[in-house]
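Listed below are the residues making up each chain.
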Amino acid sequence: MKIVVTNDDGIYSEGIDVLADAASEFGDVTVVAPRHPHSGCSHQMTFDGHLDAADLGGDRHWIDGFPADCVRIALAELCSSVDLVVSGVNHGSNLGLDNFLSG
């Protein structure tokens, strides 16, 4: 099984390492997460300009964008035939759909 792991706390957060380790028991894991924390950004995506990215080795990548950008790029460019996308483990509360922001 091919699994993409992402989060909104950033590639260097402790929670993403915990989730990636747990997910690796079920398949091959690729971690694609924001370069910087983006908690509370709701459902934002980047539509203008470009997104920087870096391959950190060991199937770990950061994207200089929002969590949704990370998933879009993972599915379109970095991983083929993904079976599952998981997100977390978050630091602090996770409001999900309770947190819509007006643009």
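Student: Break down helix α1 (residues 14-23) for me, with residues and values.
Tutor: Along α1, the positions that sit buried rather than exposed are G15, I16, L19, A20 and A23. Burial along α1 is one-sided: seen end-on, the buried residues are contained in an arc of 130°. Opposite the buried face of α1, at more than 90 degrees from it, the exposed residues are E14 and D21. On the buried face of α1, the contacting elements are β1 (2-6), β2 (28-34), β4 (60-63) and β5 (84-87).

Student: How would you explain unusual backbone geometry if you had to name every residue and give the values?
Tutor: Across the junction of G88 and V89, the peptide omega takes the value -20°, indicating a cis bond. Tracing the chain through its elements places V89 in the segment after β5. Even without glycine at this site, D59 takes up a positive phi of about 60°. Structurally, the position occupied by D59 is in the loop between β3 (53-57) and β4. A positive phi is found at S81, a non-glycine position, where the angle reads about 55°.

Student: Explain helix α2 (residues 67-78) to me, and be specific about the residues and the numbers.
Tutor: Those residues of α2 that sit buried are P67, D69, C70 and A74. Here the buried residues of α2 occupy an arc of 145° about the axis, which is enough to place them on one side. Buried residues belonging to α2 abut β1, β2 and β4.

Student: I'd like a description of the sheet that holds β3, backed by residues and values.
Tutor: Across the sheet, five strands lie side by side as β3-β4-β2-β1-β5; this open sheet has mixed pairing. Edge positions in the sheet fall to β3 and β5, since each of these pairs with one other strand and no more. Neighbour-to-neighbour, the strand axes of this sheet turn through a mean angle of 20°, independent of strand direction. As paired elements, β1 and β2 share four bridges and run parallel to each other.

Student: Describe the environment of A53, listing the residues and the values that go with them.
Tutor: Mapped onto the fold, A53 is located in strand β3. Sequence separation between A53 and G65 is twelve residues, and the spatial gap between their C-alpha atoms is 8.8 Å. In this structure A53 touches W62 and I63, once residues within four positions along its chain are discounted.

Cut-off values and rules
- Residues numbered from 1 in each chain as written.
- Predicted model: local features only at pLDDT ≥ 70, side-chain atom pairs only at ≥ 80, totals over all residues.
- Heavy atoms only, no water.
- Buried < 20%, exposed > 50% of the residue type's maximum accessible area, 1.4 Å probe, protein only.
- Helix = DSSP H or I, 4+ residues; strand = E, 2+ residues; numbered from the N terminus.
- Arc of directions from axis to C-beta.
- Contact = heavy atoms within 4.5 Å.
- Pairing = 2+ DSSP bridges.
- Axes fitted to C-alpha atoms, helices over the stretch in contact; angles between N-to-C directions.

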